Amino acid sequence: MFFNLFKKNPDASTQSDKTTTSSSPAQTENVAVRKGEIGEYKIDIQLSQFPKEYKSISDLLIKNSKAKSGYSQIDHVVITPYGVFVIETKNYQGTVYGGKERKTWSVNGKYNMMNPFIQNYGHIQALKAIVGDIDEKIISIVSFTKRCTFKVDLDYRKISSNELIVYDVELSEFINRKVAVIKLQHREPMISGEVIENIYQDIVAANITDPDIRKSHTDKLKNDVKKYSNDSSDSSRCVVCNKVVSEKVKSYCMSNSKFNGEIYCYDHQKQFKLFLGDCN
C-alpha cells in the first residue's frame, strides 16, 4: 500500500469524495472485473507452486454441444498423478446458500445463480469428450473469495468428497490434502507421467483462443446470467408445498440458519419450528 506523505488540498479532497460516491455502472463493472482478475491471479500463483509433474491450465474454452453457447469455459484444470481437478471460480460477496439437491443457489437470499457444481458437471462432461472417460479420477472444486460465507451442505467441506467448496486462498491446501488422502487409498499413482502429458496436450490442442469466438461466448453467458438471476421462481416457492412466497418471507428464511438455506411458507415455517422443538 502506498501512502500520500504530502498534505492534501481540502478542496481537492472534497472533490475526490464527490467523485467516488457517484460511480457509473461502467465503473462498477470495471471494479467487479478487477476484483475477479485479482482472484484469478491469487489462484494462478498457487497453481504455479505445485510439483513439476503436475500440469495446470487456466481459462479454457472448449466445444460443448450441450451448452447453449456451444462452448464451455473452464477456469482451471490441474492434472496430478492422483486425480484431475476441475475448478470453477466465483467472485461474489455475501452469504452463499445452497445444497446438493438445489438447482439454484443464492447470495444473501437475493441474487440467484445456478448450482455451481451442476455448472461444473457440464464442464467436466465437455472435458471428458476430449480426454476420455476418467470419472474415478475427477474432483470437482468450486472456489469462492474470502468475502463470502458458506451456508451449504457440510459434505462439500469434507476432504473425502469429490465435490469440494473452498475459499480461493486455501485452494492449493485442499488439493494437496485431497491428493494425500487418495495416496493412502492407492499406493501407486492413478495417472502415469506419460498420460498426464497426453491429457495436457489434448486439452491445449482443444482450447479455443479465437478472440471473436471467446467474445461471443462471453456475451451469451452474461445474458444467461442476467436472465437466471432475475428469475426468482425457483427460489421463491416453499420447498414443501411449492407455494409462492413474498420477498419478505424468502429473506427471513434465507437469513435464518435453522432453515439451512431452504424457503418455507408461513404455515410450514411453524411446522418446521415445531419439529425442531420435538427433536430437542
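Residues numbered from 1 in each chain as written. Predicted model: local features only at pLDDT ≥ 70, side-chain atom pairs only at ≥ 80, totals over all residues. Heavy atoms only, no water.

(A) Looking closely at the sheet that holds strand 6 (residues 111-114). The strand order 6-5-4-8 describes an open sheet built from 4 strands, whose pairing is mixed. Edge positions in the open sheet fall to strand 6 and strand 8 (148-151), since each of these has one partner strand only. Taken over all neighbouring pairs, the strand axes of this sheet differ in orientation by 25° on average, direction set aside. Pairing of strand 4 (residues 94-97) with strand 8, which is carried by 4 bridges, proceeds in the parallel orientation. In the strand pairing of strand 8, Val96 is matched with Phe150. (Pairing = 2+ DSSP bridges. Helix = DSSP H or I, 4+ residues; strand = E, 2+ residues; numbered from the N terminus. Axes fitted to C-alpha atoms, helices over the stretch in contact; angles between N-to-C directions.)

(B) Here's a closer look at the pairing of strand 6. Inspection of the sheet shows strand 5 (residues 104-107) paired to strand 6 by 4 bridges, in the antiparallel sense. Following the sheet pairing, Thr104 is matched in strand 6 by Met114. Counted between consecutive antiparallel strands, the loop separating strand 5 from strand 6 contains 3 residues, among which Asn108 sits at a positive phi close to 60°.

(C) Structural context of the packing of aromatic side chains. This model, assessed by the stated rule, comprises 9 aromatic pairs. Between Tyr92 and Phe144, the ring centres sit 6.4 Å apart and the planes meet at 35°, which makes this aromatic pair tilted. One end of the pair, Tyr92, is in the loop between strand 3 (83-90) and strand 4; the other, Phe144, is in strand 7 (residues 138-144), and 52 residues separate them in sequence. The same class applies to Tyr92 as to Phe144, namely buried. Connected via pairs of aromatic rings, a cluster forms that spans Tyr92, Phe144, Phe150 and Tyr167. Taking the ring centre of Phe174 as reference, the NZ or CZ of Arg177 above it sits at 4.9 Å. (Phe/Tyr/Trp six-rings, centres within 6.5 Å; stacked < 30°, edge-to-face > 60°. Buried < 20%, exposed > 50% of the residue type's maximum accessible area, 1.4 Å probe, protein only. Lys NZ or Arg CZ within 6 Å of the ring centre and 35° of its normal.)

(D) Representation of the pairing of strand 4 in the model. Sheet analysis places strand 4 next to strand 5, joined by 2 bridges and oriented antiparallel. Counterpart to Val96 in the pairing with strand 5 is Val107. Between strand 4 and strand 5, which pair antiparallel in sequence order, lie 6 residues.

(E) Expanded view of the pattern of salt bridges. Considering all chains together, one arrives at 8 salt bridges under this definition. Here Glu197 makes a salt bridge to Lys55, at a shortest N to O gap of 3.4 Å. Residue Glu197 is located in helix 5 (residues 193-206), and its partner Lys55 is located in strand 1 (residues 55-63); the two are separated by 142 residues in the primary sequence. Lys55 sits in the partly exposed class, given a relative accessible area of 25%. (Salt bridge = Lys/Arg side-chain N within 4 Å of Asp/Glu carboxyl O.)

(F) Summary view of helix 3 (residues 116-131). In a regular helix each residue adds 1.5 Å, so 16 residues correspond to 22 Å; helix 3 covers 22 Å between its end C-alpha atoms and thus fits that length. Of the positions making up helix 3, those classed as buried are Pro116, Phe117, Asn120, His123, Ile124, Ala126, Leu127, Lys128 and Val131. With a side-chain oxygen positioned 2.9 Å from the backbone nitrogen of Phe117, the residue opening helix 3 is Asn115. With its phi angle positive at about 100°, Gly132 sits one or two positions after the end of helix 3. (Expected span 1.5 Å × (residues − 1). Polar contact = N/O pair within 3.5 Å; in protein donor to acceptor, adjacent residues only side chain to side chain.)

(G) Structural view of unusual backbone geometry. Its identity as a non-glycine residue notwithstanding, Asp59 has a phi of 55°, on the positive side. With respect to the helices, strands and loops of the structure, Asp59 is situated in strand 1. A relative accessible area of 37% places Asp59 in the partly exposed class.

(H) Just the side chain of Ser72, in detail. Position of Ser72 relative to the elements: it lies in strand 2 (residues 71-80). The exposure class of Ser72 is buried, given its relative accessible area of 4%. Polar side-chain contacts of Ser72 include one of 2.8 Å to the side chain of Asn64.

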